[in-house]
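What follows is each chain in one-letter form.
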Amino acid sequence: MKYLNVLLLALFVFSFASCGDDDIEIASLAGKWIKVYDEGVATDGYVYYTFTQKTERTGFVLIEVSDVFAGDSQYEREFALSKDYKQITIFKGMYGGDPETQTYNIISLNSKRLTWSLDGHSDIEENFEKIN
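Since the model is a prediction, treat every value here as computed from it, not as a measurement.

Conventions we followed
- Residues numbered from 1 in each chain as written.
- Predicted model: local features only at pLDDT ≥ 70, side-chain atom pairs only at ≥ 80, totals over all residues.
- Heavy atoms only, no water.
- Core = buried A, V, L, I, M, F, W, Y, C linked by side-chain atoms within 4.5 Å.
- Buried < 20%, exposed > 50% of the residue type's maximum accessible area, 1.4 Å probe, protein only.
- Helix = DSSP H or I, 4+ residues; strand = E, 2+ residues; numbered from the N terminus.
- Contact = heavy atoms within 4.5 Å.
- 1 Å grid on protein atoms, 1.4 Å probe; cavity = no way out; pocket = protein on both sides within 12 Å on 5 of 7 lines; lining within 4 Å.
- Points joined across faces, edges and corners; volume = space filled by probe spheres on them.
- Nonpolar A, V, L, I, M, F, W, Y, C, P; charged D, E, K, R; others polar.
- Pairing = 2+ DSSP bridges.
- Axes fitted to C-alpha atoms, helices over the stretch in contact; angles between N-to-C directions.

Chemist: Sorry, what's going on with the nonpolar core here?
Modeler: Side chains of nonpolar character tend, in soluble globular proteins, to be buried together. One finds Tyr-49, Phe-51, Phe-79, Leu-81, Ile-88, Ile-90 and Trp-116 to be the most contacted residues of the largest nonpolar core, which totals 20 residues. Among the elements of the structure, β2 (45-53), β3 (58-67), β4 (71-81), β5 (87-91), β6 (102-109) and β7 (113-118) are those that each provide at least two residues to this core. Apart from the residues lying within four places of it in its own chain, the contact partners of Ile-88 are Leu-29, Phe-51, Phe-79, Ala-80, Leu-81, Gln-102, Thr-103, Tyr-104, Ile-106 and Trp-116.

Okay, structure coming up:
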């Protein structure tokens with residue numbers, strides 16, 4: 001009976017300790033995402049991120065921005081995921097410096113929703129919904 005209690009306690013501790021990574025389903029990243037804003041925030045456009053994975057941790061992203069005042073623009077970038085899949089870095093490519101390189105901390109990712117924050121700015125979260 002003592003061994004059963006110890007085994008159950010060990011399973012409980014293991015299950016509890018591993019819960020944090022359940023919020024990131026990296027296989028769900030591929031596809032098209034639209035940025036969603038908090039309720040009550042007015043927007044005059046949209047932002048799409050379309051991720052295409054090359055390997056488990058790298059790939060391409062097409063960023064499409066439409067703004068009533070600034071117009072429409074598209075950016076083709078590459079991305080790399082950290083070994084623990086908790087960060088994604090979006091950059092221009094291997095050649096030339098890209099002053100627009102951004103690293104985001106992935107807070108949650110599943111087949112319907114992506115939430116991240118700009119590295120160093122954890123108080124500002126961005127949310128996305130998968131559209132295909």
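Having seen the model, we can carry on.
Chemist: How should the layout of surface pockets be read in this particular structure?
Modeler: To find leftover empty space, one rolls a probe the size of a water molecule over the atoms. Reported here for the largest pocket is a volume of approximately 160 Å³. Lining the largest pocket we find Tyr-49, Ile-63, Tyr-75, Arg-77, Ile-90, Glu-100, Gln-102 and Tyr-104. Counting residues per element, the ones that place at least two in the lining of the largest pocket are β4 and β6. The residue makeup of the lining of the largest pocket, split by class, is five nonpolar, one polar and two charged.

Chemist: Even after reading the chapter, I still don't get the side chain of Glu-64, so can you show me in this structure?
Modeler: Secondary-structure assignment places Glu-64 in strand β3. Other than its neighbours up to four places away in sequence, Glu-64 contacts Lys-32, Tyr-46, Val-47, Tyr-48, Thr-50, Ser-73 and Gln-74.

Chemist: I tried to follow the sheet that holds β7 on my own but got confused; where do I start?
Modeler: Within a sheet, neighbouring strands are paired by backbone hydrogen bonds and run either parallel or antiparallel to one another. The strand order around the closed barrel formed by eight strands is β1-β2-β3-β4-β5-β6-β7-β8, and the pairing between neighbours is antiparallel. Strand-to-strand twist in this sheet, taken as the mean axis angle between neighbours without regard to direction, amounts to 35°. Pairing of strand β1 (residues 31-36) with strand β8 (residues 125-130), which is carried by four bridges, proceeds in the antiparallel orientation. Across the sheet, Lys-35 pairs through a bridge with Phe-128, a residue of β8.

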